[in-house]
Amino acid sequence: NCENCPAVFAFKKYVSKEFKIQKSTFLKMKNIAIVTPSKWLLNEVENSYLADIANQINYIPNVSEIETTNYQKETNPILQIVFIADDISEEKKGLRYLIKALETVNFKYELHIIGAGLVPSNRLGSNINLHGKKNRLFINRLLRESDLLVVPSIQDNFPNVILEGVTQGIAILATNVGGMSDLP
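Residues numbered from 1 in each chain as written. Predicted model: local features only at pLDDT ≥ 70, side-chain atom pairs only at ≥ 80, totals over all residues. Heavy atoms only, no water.

### Notes on the packing of aromatic side chains
Overall, the coordinates contain 1 aromatic pair when judged by the stated rule. Ring plane angle 70 degrees and centroid distance 6.3 Å describe the contact between Phe107 and Tyr109, whose orientation is recorded as edge-to-face. Directly above the aromatic system of Phe138 lies the positively charged group of Lys134, at a separation of 5.2 Å from the ring centroid. (Phe/Tyr/Trp six-rings, centres within 6.5 Å; stacked < 30°, edge-to-face > 60°. Lys NZ or Arg CZ within 6 Å of the ring centre and 35° of its normal.)

### Digging into the environment of Ile139
Note on placement: Ile139 falls in helix H6 (residues 136-145). Remark: the alpha-carbon pair of Ile139 and Glu164, spanning 25 residues in sequence, is separated by 9.1 Å. When neighbours within four sequence positions are excluded, Ile139 is seen to be in contact with Ile84, Ile114 and Lys134. (Helix = DSSP H or I, 4+ residues; strand = E, 2+ residues; numbered from the N terminus. Contact = heavy atoms within 4.5 Å.)

### Section: the environment of Asn176
For Asn176, the location among the structural elements is in the segment after strand E7 (171-174). Asn176 gets classed as exposed once you look at its relative accessible area, which sits at 63%. (Buried < 20%, exposed > 50% of the residue type's maximum accessible area, 1.4 Å probe, protein only.)

### A short note on the pattern of salt bridges
One pass over the full model with this rule turns up 6 salt bridges. Among the salt bridges present, the one from Glu164 reaches Arg136, with a minimum N-O distance of 3.2 Å. Of this pair, Glu164 sits in helix H7 (residues 160-167) while Arg136 sits in helix H6; the two residues are 28 residues apart in sequence, bridging distant segments of the chain. Under the relative-accessibility criterion, Glu164 is labelled buried at 13%. Relative accessible area serves as the criterion here: at 36%, Arg136 is assigned to the partly exposed category. (Salt bridge = Lys/Arg side-chain N within 4 Å of Asp/Glu carboxyl O.)

Right under this line is the structure:
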């Protein structure tokens, strides 16, 4: 039942008639195969109307094609934190919550935000750096030179940014939602 789906429930105000149109389109399809990149999404599909219409449902884990780097970073007394999303204003990515949480800490930090969109806060300090959308070389360098990648999603499947962080050797702090629980 789609009304009980966590993605729909959490973002009800963002779900439109488009969702019902898509569902009716899927219901008309025959011989479809569904591939999910996380066990969480596999479970969601298996417990939805899609299980009734799919001939095949498979789980294929995400993989990263990013080269790992052996890099010795310089020590910095200020904690370097990175947040990356395609659209940083997307509510489910949780940037607003990260900014609010960082307002309560009593240590020095710099937050580096990468992605398109508007920051969901009007009170940004000088320790918050908005980089906009950047290329892979910039992102990899920033990940290698920083201390912590934060993925504060409130609903997500399995963000590629986690694998990108792993390959660059940065510590990762992520919420335990969706497919992120597939990580060891």
